[in-house]
Amino acid sequence: MMRLERQAQALLARSYYQDSAQPWERGPALAGTVQADVCIVGGGLAGLSAALELARAGMQTVLLEAQQVGWGASGRNGGQALAGYASELEPFERQLGRDAARQAWAMSLEALDLMRTRIRAHRIACDWTDGALTLAVRPAKARALRAWYEHMQTHYDAAHLRWLDEAQTRAQVQSERYVAGVFDPLSGHLHPLNYTLGIARAARAAGVQIFEGSEAVQVQTAVAAGGGKARVRTAQGEVRAPFVLLAGNVHLGRVAPALARRIMPVGTYIIATEPLGAERAAALIPSRACVSDNQFVLDYYRLCAGDRLLFGGRVSYSTVSPPDLPATMRRSMLRVFPQLHDVRVTHAWGGFVDITMNRAPDFGRLAPDVLYLQGFSGHGLALTGLAGQLAAEAIRGQAQRFDLFARLRHRPFPGGDWLRTPLLVLAMAWYRLRDAL
Ligand SMILES: Cc1cc2nc3c(=O)[nH]c(=O)nc-3n(C[C@H](O)[C@H](O)[C@H](O)COP(=O)(O)OP(=O)(O)OC[C@H]3O[C@@H](n4cnc5c(N)ncnc54)[C@H](O)[C@@H]3O)c2cc1C
């Protein structure tokens with residue numbers, strides 16, 4: 001295992017989701033040569049979603065997962081399925097124009113519909129709950145949130161969003177930290193690992209061959225492989241297929257260096273409290289909507305089944321985890337909810353998100369037969385599902401929607417292999433400072 005994988009493995013050990021996961025029958029490791037129509041690398045939501053769509057369309061689909069299905073970000077995230085993009089719509093507007101940005105916004109709402117539809121169609125027990133709040137912690141941040149809200153009302157189909165003044169915000173969340181907010185009834189939250197396993201089960205039932213413990217170590221286009229089909233090699237096997245889809249997030253690394261240069265791994269962390277009891281939970285967030293703030297380094301939290309609070313935040317641009325993670329995260333939680341001082345933290349975990357320079361998603365092609373999905377920038381729980389569908393459409397010859405994203409230009413992070421992490425840490429420290437002031 002490489003350094004980042006070892007860290008990710010260690011961060012999984014005390015995950016609440018692992019403790020409350022539904023059973024999953026592990027797939028075999030790939031051995032020998034397998035022929036397929038499509039080979040997908042990565043068993044997170046992006047890869048699984050594409051696999052499900054392709055198999056349902058009758059294509060022989062093989063999925064390779066280095067660890068276990070849901071091991072990456074998809075099985076350990078904050079569970080907040082949100083409309084929109086980490087970058088907001090600005091890169092779409094600036095690079096592609098308002099019409100394309102409107103389509104991108106509509107597709108992010110479609111991603112939420114798709115999620116609801118799949119939960120129903122495949123009977124996935126993952127505790128879906130409607131509603132999301134974005135809150136501002138001080139007047140300057142409230143003004144920024146209001147400007148965003150008005151921009152969305154003026155230029156986008158966003159009439160469902162509701163502005164909350166200070167009193168209305170306080171009625172939503174029992175904390176004195178916030179001065180304003182926006183309520184989004186179309187977004188929501190769920191148990192991400194059980195959702196991911198549910199999609200994996202549906203994919204397998206549709207005919208996808210899922211190989212686990214099967215790290216792709218080399219990907220060759222048909223041209224590089226000497227014509228015929230593309231090849232994906234693992235330690236003990238090989239898949240030959242006319243199409244390959246790379247959906248390995250930050251862990252893909254050396255298999256596709258050209259992609260790795262365009263994203264950076266950033267650590268983010270979550271704790272779970274012991275059950276709070278129904279009454280205390282209902283007082284904390286009466287609507288049970290999930291919550292995040294609009295700080296540069298944001299807090300994100302929600303009540304989950306069993307009335308625990310899952311509280312996420314902190315980021316590590318160096319990828320080194322904070323010391324004494326449960327205590328560090330508990331301090332962040334008490335800053336928002338000092339009344340929880342007597343509540344025990346039972347779990348603390350984390351993982352890595354794949355940020356791009358402009359925080360917009362990075363979908364495209366390394367070659368006509370090798371597509372990729374990456375760069376969800378910490379905002380991929382809902383979007384990965386639609387991204388997989390778009391990649392499946394593109395592989396089947398309908399690339400229009402996929403190409404809307406593929407037209408976005410992305411720059412590699414500056415600094416090369418050695419300096420890009422220190423440079424990112426420095427740049428982000430500046431943004432944090434600006435927020436703090
Ligand atoms: C702690 C945390 C909190 C988050 N909170 C939220 C949130 O609340 N809302 C939100 O929208 N987003 C959130 N995110 C982001 C979201 O989880 C991701 O954007 C999304 O899950 C990415 O899915 P994916 O399929 O691209 O990648 P992953 O789920 O990471 O899957 C990639 C898979 O590919 C496998 N892989 C990599 N390389 C290879 C290889 N060479 N061979 C075979 N397999 C390989 C990996 O093992 C991994 O399982 C969070 C992320 C983290 C880590």
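Cut-off values and rules
- In this convention, every chain numbers its residues from 1, walking through the sequence in written order.
- Where totals are concerned, whole chains, interfaces and linings use all residues; where local detail is concerned, this predicted model gives features only for residues with pLDDT of at least 70, and gives and counts side-chain atom pairs only at 80 or more.
- Note that the side-chain values use all heavy atoms of the structure and ignore hydrogens as well as water.
- It suffices for a single heavy atom of a residue to lie within 4 Å of a molecule or strand for the residue to be listed as near it.
- Polar contact is the term for a pair of N or O atoms within 3.5 Å; when the atoms are in protein, one must be able to donate a hydrogen and the other to accept it, and sequence-neighboring residues count only if both atoms are side-chain atoms.
- Using a 1.4 Å probe, the Shrake-Rupley method yields the accessible areas, and only the shown protein chains count as cover for residues.
- Think of it this way: any DSSP run of H or I at least four residues long counts as a helix, any run of E at least two long counts as a strand, and we number them from the N terminus.
- Note on aromatic contacts: the rings of Phe and Tyr and the six-membered ring of Trp form a pair at centre separations within 6.5 Å, being stacked when their planes are under 30 degrees apart, edge-to-face when over 60 apart, and tilted otherwise.
- Working definition: with a 1.4 Å probe on protein chains only, accessible area under 20% of the residue-type maximum means buried, over 50% means exposed, and in between means partly exposed.
- Only lysine NZ and arginine CZ atoms are considered, and such an atom sits over a ring when it is within 6 Å of the ring centre and within 35 degrees of the ring normal.
- Any two strands are treated as partners once DSSP identifies two or more bridges connecting them.
- Interaxial angles span 0 to 180 degrees and are taken between N-to-C directions of axes, which are lines fitted to C-alpha atoms, for helices over the stretch in contact.
- We call a set of buried residues a nonpolar core when its members are Ala, Val, Leu, Ile, Met, Phe, Trp, Tyr or Cys and they connect through side-chain atoms within 4.5 Å of each other.
- When checking whether two residues touch, look at their non-hydrogen atoms; a contact exists if any pair is within 4.5 Å.
- Only protein atoms enter the calculation, which uses a 1 Å grid: trapped sets of points that fit a 1.4 Å probe without letting it out are cavities, open sets showing protein on both sides within 12 Å along at least five of seven lines are pockets, and any residue with an atom within 4 Å of a point is a lining residue.
- Grid points are joined across faces, edges and corners, and a volume is the space filled by probe spheres set on the points.
- Nonpolar residues are Ala, Val, Leu, Ile, Met, Phe, Trp, Tyr, Cys and Pro. Charged residues are Asp, Glu, Lys and Arg, and all others, Gly as well, are polar.

(A) Up close: the site of the ligand. Near the ligand, the surroundings consist of 39 residues, among which Glu65, Ser74, Gly78, Gln80 and Ala216 are the closest. Between the ligand and Ala66 there is a distance of 2.9 Å, counted from a nitrogen atom to a backbone nitrogen or oxygen. Here a nitrogen atom of the ligand sits 2.7 Å away from a polar atom, N or O, in the main chain of Gln80. Summarising the interface, the protein chains cover 98% of the accessible area of the ligand, which totals 1,000 Å² for the free molecule. For the shell around the ligand, the elements supplying multiple residues, two or more each, are helix 3 (45-56) and strand 17 (345-355).

(B) Structural detail: the packing of aromatic side chains. What the rule picks out here adds up to eleven aromatic pairs. Between the aromatic rings of Phe363 and Phe402, the centroid separation amounts to 6.4 Å while the plane-to-plane angle is 20°, which identifies the pairing as stacked. Of this pair, Phe363 sits in strand 18 (residues 362-367) while Phe402 sits in helix 13 (residues 400-406), and the two are 39 residues apart along the sequence. Each member of the pair Phe363 and Phe402 is classed as buried. Through a chain of ring-to-ring contacts, three or more aromatic side chains come together here, namely Tyr85, Phe92, Phe363, Phe376, Phe402 and Phe405. The ring of Trp71 has Arg76 lying over it, and the distance from NZ or CZ to the ring centre is 5.1 Å. The side chain of Arg204 reaches across the aromatic face of Trp24, ending 4.1 Å from its centre.

(C) Structural context of the sheet that holds strand 9 (residues 218-220). The strand order across the open sheet formed by four strands is 1-11-10-9, and the pairing between neighbours is mixed. Whereas interior strands pair on both sides, the edge strands pair on one side only; in this sheet they are strand 1 (32-35) and strand 9. In this sheet, adjacent strand axes meet at a mean angle of 15° when their direction is disregarded.

(D) Structural context of the nonpolar core. In terms of nonpolar packing, the biggest core is built from 82 residues, with Phe92, Tyr195 and Leu373 touching the most fellow members. Broken down by element, the residue count for this core peaks at ten residues, all from helix 5 (residues 98-121). Leave out the neighbours within four places in its chain, and Tyr195 touches Leu45, Met115, Arg118, Ile119, Ile124, Cys126 and Leu190. One finds Ala8, Val250, Tyr301 and Phe337 within the second-largest nonpolar core, a separate group that totals 36 residues.

(E) Seen up close, unusual backbone geometry. Of note in this structure, Glu88 is not a glycine but carries a positive phi near 60°. For Glu88, the position within the fold is in the loop between strand 4 (80-81) and helix 4 (90-96). You will see that Ser377, though not glycine, has its phi angle at about 55°, which is positive. In this fold, Ser377 is placed in the loop between strand 19 (370-374) and helix 12 (383-395). Of the residues examined, Ser377 reaches a relative accessible area of 10% and is grouped as buried.

(F) Expanded view of the pairing of strand 19. Here strand 19 lies mainly inside the structure; five of its five residues are buried. The two faces of strand 19 match: Val370, Tyr372 and Gln374 on one face and Leu371 and Leu373 on the other face are all buried. Examined bridge by bridge, strand 18 and strand 19 share five bridges and lie antiparallel to one another. In the strand pairing of strand 19, Ala367 is matched with Val370. In this antiparallel pair of consecutive strands, strand 18 and strand 19, the connection spans two residues.

(G) Summary view of empty space enclosed by the protein. Applying the stated rule across the entire model yields three cavities of 30 Å³ or more. In this model, the largest cavity occupies a volume close to 40 Å³. Elements with a minimum of two residues in the lining of the largest cavity: helix 5 and helix 12. With four residues, helix 5 is the single largest residue contributor to the lining of the largest cavity. A per-class count over the lining of the largest cavity returns seven nonpolar, two polar and one charged.

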